[in-house]
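Examination of the molecular architecture
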Amino acid sequence: MTSKETTSLLRPPPYESIGAADPRRRGWSKSLLLSLLAVGIYVGFGHFRSGGGDSVQVKKTTNGKQPNIIFIITDDQDATYDSLKYMPSVQKWLVRGGVNYQNHFVTTPVCCPSRASIFRSQYTHSHNLSDVFPPHGGYTKWIKEDLDKDYLPGWLKAAGYSTWFTGKFVVEYSLDNYFRVPKAWDVFDAFSIPNLTALTVRFDIPVFSRNGEWPVIYNGQYQTDVLAQKTLAFVESAVALRKPFFIYTAPSACHTTVYARDTKKLPPEEAIGALSFEPPIPADRHKHLFSDVELPRPPNFNASREDKPAWLRTLPYLSQQNATYLTWAYRQRLRSLQAVDEFVEDLFTRLEATGELDNTYVFYTADNGYHLGAHALGMGKEFFIEEDIRVPMLARGPGIPAGSVVTEQTLHLDLAATFTALAGAGLPRITDGKVFPIIRDLPGVKESVELHEEAVSARKELNVKRPATLVEFWGTGADEALGRLFFNNTWKAVRTDDAKYVVHCTGERQLYNLNEDPYELSNLLPPGSTLDTIPSNLRKVVDRLDALLSLLAHCSGETCVDPFATFLHVNGGKQLASLSEAFDPSLDEFFRGIPKFEFIGCPAWYDPVNEISAFDSFEAKTASKAYAEQGGTTVFPGFALDPWSKVEVQQAYTAEVEQFGAALVKEPWMEDVQRFLRDPKLRDSFR
């Protein structure tokens with residue numbers, strides 16, 4: 001492939017919200033396979049080199065200082081409906097002032113698994129926090145799996161950083177467990193909900209717990225404003241320590257307002273049905289904005305689903321009333337983001353005032369994407385579609401060219417590896433990811449990775465591309481507009497630059513040519529088709545993509561970033577450098593002979609024995625067979641809580657908003673919540 005051809009394949013996505021469609025889109029009609037040959041090799045690095053408790057050799061940047069890192073993560077913010085367009089400060093400081101990673105994806109499109117992937121630098125199947133609620137998700141599962149024993153803040157503390165957290169950690173951090181603070185944070189000041197019988201997300205009733213202390217309620221304050229002031233105080237306090245700092249700040253905007261009845265009395269599979277959703281509540285000063293803004297309606301808005309999986313085909317289409325509601329929800333989402341935008345302006349102003357702007361990297365993203373009417377699904381996340389897996393990803397800092405754009409695929413699980421490399425501490429020991437483009441070429445970053453001989457021997461160069469992205473989900477999907485639940489929504493997908501291939505737990509499969517069909521309107525494997533009846537050119541594509549999916553389905557470490565090396569160890573296979581080499585006609589029979597990836601059943605959580613890959617070990621295959629024979633049940637043992645972490649840093653500066661804080665009184669709070677839930681008129685008054 002020529003350098004000209006390679007360059008032409010690095011094109012922005014088709015959505016107007018993140019870049020105009022490239023006029024050079026190619027189809028599959030004449031050169032079906034060539035459109036998939038666009039994926040360059042990514043040579044993986046070895047096992048982890050830095051981590052909690054390890055001795056870490058630190059490589060400082062050329063100015064002799066380790067840079068500060070600030071990470072802002074919003075909740076459910078889309079990348080495909082123009083939400084960034086309505087955030088002028090984000091545009092000024094981060095879009096025009098930094099780099100826009102236009103093809104950034106989450107690997108599980110729902111909050112808890114996605115956030116755990118950031119902290120652990122792993123796919124969900126590696127860290128195994130695969131749901132939002134216990135027993136397979138939430139903070140209970142986080143504690144059970146001991147996920148904070150080896151994760152991002154610990155790696156950065158080992159590199160000499162102070163670590164600060166405020167905002168949303170994971171769902172279910174509450175009065176039931178607030179005293180068990182995640183390890184490795186010097187200051188941990190997180191949203192805390194009374195428990196799952198109460199309001200889980202409500203912007204006008206902010207409740208925080210600091211370092212395991214009894215929760216504080218900030219009456220009369222707006223949640224994002226409280227978080228903003230806490231973050232600015234973090235900056236002042238961290239600067240006073242005269243050491244590099246890492247601040248993780250996580251506003252809830254633009255998540256829906258969520259009300260819950262007593263989920264603890266329900267079995268886990270019914271807990272989500274106890275929730276009701278409404279659009280987010282904006283700050284009073286923003287409620288009048290965007291009254292004339294219309295919801296974007298791309299070609300897949302309320303589109304035909306005749307070629308989609310069976311459960312999706314049975315859904316009713318959206319009515320005009322539904323569409324009107326989605327428009328209102330869209331406006332409320334934009335309004336709720338305005339407080340975040342103001343916070344971004346204040347943050348950069350504070351960094352300038354402290355003299356730290358030129359030594360600080362600021363990253364901005366969301367935990368997952370969001371759809372609003374796509375494929376008539378109402379509003380929500382949790383699906384394989386582009387709207388749910390694509391998120392904003394912006395970065396600014398020393399050495400990053402202002403106004404730059406990167407179209408190479410990047411993932412949430414790359415973030416921790418990028419942060420530790422910037423910190424001069426190499427790569428995390430358990431990472432499934434790699435360092436971001438542009439950043440991997442900055443002075444000091446390459447040297448940081450090369451500190452570790454094992455990494456250098458396994459990975460000869462940093463400037464390489466990821467061949468494909470694995471996306472995975474288990475469980476129930478929710479329509480947050482109409483209150484519908486979608487069962488059997490367990491699936492895995494592999495996405496290249498040009499194609500998406502999806503395998504559902506029901507056995508149904510989908511294939512999309514993203515060049516000609518960026519809105520996923522035409523499934524090339526429609527209902528009724530089989531691998532033996534589809535055209536031969538499509539069969540060749542499916543055989544390769546299914547093998548790639550099987551390779552990535554249970555990958556860890558080097559296999560996730562260099563999957564092609566595995567083919568060397570398969571009978572009849574050979575060492576492959578890229579997906580393009582896999583399309584050599586001499587390999588047709590080899591790939592056709594690899595058993596296709598499949599699910600045994602449709603559990604609402606990740607269990608490796610429910611998933612059959614040709615590249616699993618013999619032991620895993622044996623377990624899969626036994627799992628099927630016993631009806632697909634899994635028993636999880638009990639666990640004991642660890643003591644919460646010791647606070648190592650005293651905060652020198654206190655946010656002014658703390659004067660409004662008062663200790664939460666649990667019983668009156670709960671009585672007020674129950675009254676609120678029983679009184680529709682009272683609920684309507686908050687609209």
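So, on to the pattern of salt bridges. Where side chains of opposite charge bring their charged atoms close, a pairing between them can arise. By the definition in use, this model includes 38 salt bridges. When the shortest N-O distance is used, the salt bridge between glutamate 386 and arginine 390 registers 2.9 Å. The buried category is assigned to glutamate 386, whose relative accessible area is 2%. Note on arginine 390: relative accessible area 1%, which makes it buried. A cluster of three or more residues bridged by salt bridges with shared partners is formed by Glu386, Arg390, Arg495, Lys500 and Glu520.

As a further point, take the pairing of strand β8 (residues 245-250). With six of six residues buried, β8 lies mostly within the body of the structure. Residues Phe245, Ile247 and Thr249 line one face of β8 and the alternating positions Phe246, Tyr248 and Ala250 line the opposite face, and both faces are buried. Across four bridges, strand β1 (residues 68-74) lies against β8 in parallel orientation. Within β8, the residue paired with isoleucine 72 across the bridge is threonine 249. Of the pairings in the sheet, the one linking strand β4 (residues 162-167) to β8 comprises six bridges and is parallel in character.

Counting buried positions along helix α2 (residues 88-95) gives six out of eight residues, so the element sits mostly inside the fold. Every buried residue of α2 is accounted for by Ser89, Val90, Gln91, Trp93, Leu94 and Val95.

A separate point is the sheet that holds β8. Strand order in the open sheet formed by eleven strands is β15-β2-β14-β11-β1-β8-β4-β5-β6-β7-β25, with mixed pairing between adjacent strands. This sheet does not close on itself; its edge strands, each paired only once, are β15 (404-406) and β25 (661-663). The sheet shows a mean angle of 20° between the axes of neighbouring strands, taken without regard to direction. Strands in contact with helix α12 (residues 415-422) are β1, β8, β11 (360-366) and β14 (393-396); relative to β11, the strand with the most contacts, it is inclined by about 175°.

Spatially, the four strands line up as an open sheet ordered β17-β20-β21-β22, and their pairing is antiparallel. Across the chains shown, the open sheet's two edge strands, defined by having one partner strand only, are β17 (469-473) and β22 (509-513). When strand polarity is set aside, the average angle formed by the axes of neighbouring strands in this sheet is 15°. In terms of strand pairing, β17 meets strand β20 (residues 491-495) through five bridges, oriented antiparallel. Across the sheet, phenylalanine 473 pairs through a bridge with tryptophan 491, a residue of β20.

This next bit is on the packing of α2 against helix α10 (residues 320-354). Each pair of packed helices gets described by two things: the angle between the helix axes and the distance between those axes. The geometry of α2 relative to α10 is characterised by a closest axis approach of 7 Å and an angle of 40° between their N-to-C directions. Looking at the two axes, α2 sits oblique to α10. When you trace α2 past α10, the crossing you get is left-handed. Residue-level inspection shows Pro88, Ser89, Val90, Lys92, Trp93 and Leu94 of α2 in contact with α10, the latter providing Gln338, Asp341, Val344, Glu345, Phe348 and Glu352. When its residues are assigned to classes, the contact of α2 with α10 shows six nonpolar, two polar and four charged.

Calculation criteria
- Residues numbered from 1 in each chain as written.
- Predicted model: local features only at pLDDT ≥ 70, side-chain atom pairs only at ≥ 80, totals over all residues.
- Heavy atoms only, no water.
- Salt bridge = Lys/Arg side-chain N within 4 Å of Asp/Glu carboxyl O.
- Buried < 20%, exposed > 50% of the residue type's maximum accessible area, 1.4 Å probe, protein only.
- Helix = DSSP H or I, 4+ residues; strand = E, 2+ residues; numbered from the N terminus.
- Pairing = 2+ DSSP bridges.
- Axes fitted to C-alpha atoms, helices over the stretch in contact; angles between N-to-C directions.
- Contact = heavy atoms within 4.5 Å.
- Parallel < 35°, antiparallel > 145°, perpendicular 65-115°, else oblique.
- Left-handed = near helix turned anticlockwise from the far one by under 90°.
- Nonpolar A, V, L, I, M, F, W, Y, C, P; charged D, E, K, R; others polar.

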